[in-house]
Amino acid sequence: MSQYWEPCPRCGSNKVQTMGKWMWFFILFGSGGCLIWVGLILFPVLFLAALLILLSPVAFFLPKYNHCKDCKNNWKVKKNQMST
């Protein structure tokens, strides 16, 4: 369990996942890598793939988010939780 875990403020569910900086990086970089293969067939998609790969380092500047798997609610991890 993540140290930033807290129950969902909307539905109170315990099925919460923390989305950190590395997860966002791999989502952006991985989707850009997959779109390269699609871009071999549909040429304009290559530009979108290149954009996602080039923007993937920006993920390291995004805050951490918690994501509820039941109601799909997203919320920022509070600063006082991040410091503990």
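Above: the structure in question.
Small disclaimer: the values here were computed from a predicted structure and weren't measured.

Visitor: Hey, could you run me through the environment of Pro63 in this one?
Guide: Within the element layout of this structure, Pro63 appears in the loop between helix H2 (45-55) and strand S2 (65-68). Along the chain, Pro63 and Val77 lie 14 residues apart, while their C-alpha atoms are 7.6 Å from each other. In this view, Pro63 contacts Met19 and Lys76; residues no more than four positions away in its chain are not counted.

Visitor: What exactly am I supposed to notice about the pattern of salt bridges here?
Guide: It is possible for side chains of opposite charge to pair when their charged atoms get near one another. The tally for this structure, following the rule as stated, stands at 1 salt bridge. For Asp70, the salt bridge is made with Lys15, and the minimal N-O distance between the two is 4.0 Å. Of this pair, Asp70 sits in the loop between S2 and strand S3 (74-76) while Lys15 sits in the segment before strand S1 (16-19), and the two are 55 residues apart along the sequence. Overall, the relative accessible area of 51% leaves Lys15 in the exposed class.

Visitor: Can you walk me through the sheet that holds S3 in this structure?
Guide: As a general point, the strands of a sheet are linked pairwise by backbone hydrogen bonds and lie either parallel or antiparallel. On the basis of which strands lie adjacent, the open sheet formed by 3 strands has the order S1-S2-S3 and antiparallel pairing. Looking along the sheet, the strands with just one partner apiece sit at the ends: S1 and S3. Across this sheet, the average inter-strand angle for adjacent strands is 25 degrees, counted without regard to direction. As defined by bridge partners, S2 adjoins S3 across 3 bridges and the pair is classed as antiparallel. By the bridge assignment for S3, Tyr65 is matched with Lys76. Relative to the sheet, helix H1 (residues 21-39) contacts S1 and S2, its axis offset from that of S1 by approximately 75 degrees.

Scoring rules and cut-offs
Residues numbered from 1 in each chain as written. Predicted model: local features only at pLDDT ≥ 70, side-chain atom pairs only at ≥ 80, totals over all residues. Heavy atoms only, no water. Helix = DSSP H or I, 4+ residues; strand = E, 2+ residues; numbered from the N terminus. Contact = heavy atoms within 4.5 Å. Salt bridge = Lys/Arg side-chain N within 4 Å of Asp/Glu carboxyl O. Buried < 20%, exposed > 50% of the residue type's maximum accessible area, 1.4 Å probe, protein only. Pairing = 2+ DSSP bridges. Axes fitted to C-alpha atoms, helices over the stretch in contact; angles between N-to-C directions.

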